[in-house]
Amino acid sequence: MAVLQLRTGLTPEERQLRQKLILRDTAALMSLFAIAILLFFITLFLFHSFSVHRQELAQRWLQRGEKALQSNQPLAAIDALRSALAYAPDDEKLQIELAEALAAAGRTEEAVAYFNTLLESRPGNGMINLQLARLAAKEGEEAAALDYYQAALDGTWEGDGYIRRREVRLELAQYLIDRLHFDRARNQLLIAAGNAPDDVNIELQVAGMQEKAQDPANALHLYQKALQHRPARLEALEGASRAASAHNRFLLAKEYLERTLNHADFEKQPAEVQAQFRNMLSDADHILLLYPGPELSVRARAERILADRKIAQERLADCLISKSTVPPALQTLADQWRQLPSTLRLTQLEQDPELEETIMQLVYRTEQITSQQCGAPTGNDALLLKMSQAPEAIERQ
Amino acid sequence: MSVQPMPETVTRKFGKAAYRPLTQAELEKIAPTRDERLFLVLSIFIGVLSGLLVVSFRIAIEWIKILTLGSAPHAGQFRLLIVPAVAGLFVAALVHLFFPAARGSGVNQTKAALYIYNGYISFKTVIGKFITAALAIGCGHSLGPEDPSLQIGAGVASMVARRLNLSRQRLRLFAPIGAAAGLAAAFNAPISAILFVIEEVIGQWSAAVLGSIVLSAISSVVVARWFWGSEPLFRIPTVTMRDPRELIAYAILGVAGGFAALVFSKALGYLRPQLRALPQWTYYFQSGIAGLLVGMIGFLGFPQVMGPGYEVMDQAMHGQFAWKVLLALALLKILATTLSFSSGTPGGMFAPTMFIGAMLGASVGSFEKLFFPHLTGTVGAYALVGIGVLFAGFLRAPLTSVFMVLEVSGNYSIVLPVILANMIGYLISRALQPVPIFEVFTHQDGLELPSMEEAREESELHLEDALRPVDVPVIKGQQTIAEAAQIAAAENASAFLVSLRDGSWYAMTAHELTSAGPTSTPDTAIERILPAERTPILFPDMPLDSTLHHFPRWPVLPIMNRASKGKLEGIVTQDDVLQCYQKH
């Protein structure tokens, strides 16, 4: 600035010129400052109005995108969500919804590329890993799908991580069930059940999946837990009935089946479902009538054993007749029967519990081998076959 | 180029009273350091004003885009055909009737202002550039706002400097200062903007202007970031480089980028003069037709190529497209930009160059992800490197290209891929297209501006290039006049060097020796008859031209060794220097 200059040797006219110059420079700088301030406020106004409009546009396109996704129009959703992202590029929810829309539209390659890129910036994100797991599952890449599911379980979730992890675990269990990996599914379901809160819906959901994963024991346990909630839910009773039956606990099954059939909502069930449960009750009743349980009197027990023996021997005889050449397994079975006394009296059995046990074991083995050799049994044979799976559980409460 | 030259004297009003304008000589006398001091203060003002204008410029583009093309242009919308075509017609009329200097990108116009018009850019040009470029870009022409921002910044600087009645020399320096401010605000990357202005506008590192360029660039970026935040162009993705094998993929990207830059340059180099050679009346329609064709690309399925495409670059960097789509976008952007730019529509080349590079890079990255999933490079990293490659190959700014990627990514782990790919792209482009694109444009416009690429690579001659062994007699200062005369006579030398005790030298002619006779005896030591002055101290690495003004005084110049005082490396004479220049 001229004002800072200390210079001597100027004429009075030059000094005057210098003073004018200083004033002029100051005025020029002040005017520049004023222009800058004015321009700042104009720009601020423009920017503010533009920012507000961008937010409105982002919201509007997001709503359209979500609506399109809900109405199963993924292509429209992609366009709308892309537009929304142009105005709100950092919105994580939007990004994931767009990738979901891409996947839903069958543009798996784009969806995977997008999710991979999202994952690079948020490597531990549970939701992104879950989406990648779903895409890998859809593409039939089992190993990748399992890895991504595991990463989703280990990943971070915002706010509701506890719930989302359980949902992921259940989804993983379902995937494993679909792929017939029942052991691994059972493990996941056990963890899910262990971590689940005491909520009847969750208990019913997990127990249902445990049934599918061929784990009736744990399913029954969860159904029983669900039944502790009042009022007892019909689904819980039905599940408990199924699980108890599958687990050969027919005495318990009978109890649940009776409660199921007496439940107020049971009549609202479809006819085939009602019939199914009535048949199950009938089977349970019959099994309990066939089963020589330890609670019975000695006489009653001996009578049932004799009756069961008769059923099994007839089944064996029919099976032997149907075969032109007797298979070794049947032959062995016939020999075992022959080693027993051909005629047995009730008193004989009453006095020989060991013989009772031997006969019942042979009955069960007969039903199992004949079912393998001569096809699925019907009637009492079918019931005896069921009993043979875990006879000790039949009357367990 | 229709930029008006600056008038010799500028008469201005101060308040209501007219005052006599001061001449530069008067200013020099009454305030000799005024220019120098104002220079730095004004640099900040220029930065702030440029930053605000550039932010407004970009908001204007976005508003125009939303109002004309809608908030989400999609393929199949008829407005994609109509809007750029109508805007093209309107912009062409504005350019030809009111703002002829607004045509083109803005980089060459700024260079022309610097080298031809003493830094003069009119207010009308700034306004014209703002309006026409905002309209064209906002309505979907495939052009970018950076080069116009550069020119707007330079124009602001020119206006401010003129208002303060600065010297012509200073006025000329303000153009690159404003250009850096405008570009820095547009890029939101001050280092890249400074480097670009040095590489492409002024062509050399000048200490006189560097400080002001830095000040203005930083001021403008501070303003821009106040509004846009730190990532106004696009979100920078995660950038990693863990596996050295990925360098192969980056090298492939360099090759692809080099050829893409070549295709882009050739297309522009061919179409632009063809369109300019058409009758003048067609100029009114060229932008409109270009807009229609660009709109057709959008209408038929690729609206992403319309406008600058920052959001598309963002999407590409974040993996939203498959590699085939990305490749198609890169190729279609070359076509669309060639059409828009060749038609004379105001708008810049930077954003399209970045777009093409980003698409190409993301395409290579996505391809790698798909077929070589074990490699760890991110799609975003490839897109960023792709931007650098196109900058190096197409704009021929290799230094800027490297620093831009580093600056925007904020991650030095990407430096190897960037340097490798950029260098390959640059070399391929340069080998196949020797003349850089901005130079091609200047030649097409009938201008002769200095080539920045040549200026950067011009090898300066040094004293070592003209140096020859000491073949003149060397006499110690203590030796007598008689001895010196004897030695000189024996070697028939017209001049000889005198070595003095303090390590300094004196180059003496035979005539000086003989003329010393009347005032001294033959036994007088040479050092006693020498005047106080000594030959200049010169070293082999000094510029050759630094010797020229010494030759009227000295017949021969000793060249010293920097390591040991008084030791000679050789000598040079005027003939040696001139011969050296003739050889080069």
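About the cut-offs
- Residues numbered from 1 in each chain as written.
- Chains lettered and ligands numbered in written order.
- Predicted model: local features only at pLDDT ≥ 70, side-chain atom pairs only at ≥ 80, totals over all residues.
- Core = buried A, V, L, I, M, F, W, Y, C linked by C-beta atoms within 7 Å.
- Buried ≥ 20, exposed ≤ 12 C-beta atoms within 10 Å, placed from the backbone.
- Helix = DSSP H or I, 4+ residues; strand = E, 2+ residues; numbered from the N terminus.
- Contact = placed C-beta atoms within 7 Å.
- Pairing = 2+ DSSP bridges.
- Axes fitted to C-alpha atoms, helices over the stretch in contact; angles between N-to-C directions.
- Parallel < 35°, antiparallel > 145°, perpendicular 65-115°, else oblique.
- Left-handed = near helix turned anticlockwise from the far one by under 90°.
- Nonpolar A, V, L, I, M, F, W, Y, C, P; charged D, E, K, R; others polar.
- pLDDT = per-residue confidence, 0-100.

This part covers the nonpolar core. All names here are of chain B. Counting 252 residues, the largest nonpolar core has Ala180, Val197 and Val385 as its most contacted members. Among the elements that make up this core, the one with the highest residue count is helix H2 (residues 34–69) (17 residues). If we ignore the near neighbours within four places in the chain, the residues touching Ala180 are Ala193, Ile194, Val197, Ile213, Ser216 and Ala217. By size, the runner-up hydrophobic cluster in this structure holds 25 residues, among which are Ile481, Ala484, Trp505 and Ala507.

Below, the discussion takes up the pairing of strand S5 (residues 505–509) of chain B. All names here are of chain B. Where burial is concerned, most of S5 is hidden: four out of the five residues are buried. Both strand S4 (residues 495–499) and S5 contribute to a ladder of five bridges, which runs antiparallel. Residue pairing for S5: Leu497 is matched across the bridge by Ala507. Counting the residues between successive antiparallel strands, the hairpin from S4 to S5 contains five residues, one of them, Gly503, with a positive phi of roughly 90°.

So, about the sheet that holds strand S3 (residues 474–476) of chain B. All names here are of chain B. Ordered in space as S3-S4-S5, the three strands form an open sheet in which the pairing is mixed. At either margin of the open sheet sits one strand with a lone partner, and together these are S3 and S5. When the angles between neighbouring strand axes are averaged without regard to direction, this sheet yields 30°.

Once that is clear, we can look at the packing of helix H2 (residues 74–87) of chain A against helix H3 (residues 92–104) of chain A. All names here are of chain A. It is at 9 Å that the axes of H2 and H3 come closest, and there the two elements cross at 155°. Put simply, H2 runs roughly antiparallel to H3. Note on packing geometry: the crossing formed by H2 with H3 is left-handed. When H2 is examined against H3, the residues Pro74, Ala77, Ile78, Leu81, Arg82, Ala84 and Leu85 are found in contact with a partner set consisting of Leu94, Gln95, Glu97, Leu98, Ala101, Leu102 and Ala104. The residue inventory of the contact of H2 with H3, partitioned by class, reads eleven nonpolar, one polar and two charged.

It is generally the case that most residues other than glycine have a negative phi and that most peptide bonds are trans. Of the consecutive residues Arg230(A) and Pro231(A), the connecting peptide bond is found in the cis state with omega at -5°. Relative to the helices and strands, Pro231(A) is located in the loop between helix H10 (216–227) and helix H11 (234–246). Here Leu180(A), not a glycine, exhibits a phi torsion of approximately 65°, which is positive. Take Leu180(A): it is sitting in the loop between helix H7 (161–178) and helix H8 (182–195). Here Leu180(A) falls in the exposed class, since 10 other C-beta atoms lie within 10 Å of it. A positive phi angle is found at Asn492(B), which is not glycine, with a value near 55°. Examined against the element boundaries, Asn492(B) turns out to sit in the loop between helix H21 (481–491) and S4. On the basis of neighbour counts, which here come to 8 C-beta atoms within 10 Å, the residue Asn492(B) falls in the exposed class.

All names here are of chain A. Here chain A averages 86 in pLDDT, while 98% of its residues score no lower than 70. Per-residue pLDDT, averaged within each element of chain A, yields its smallest value for helix H4 (residues 108–121) (79) and its largest for helix H9 (residues 200–212) (92). Low pLDDT, under 50, characterises residues 1–7; the predicted model gives this stretch twelve contacts beyond four residues in sequence or across chains.

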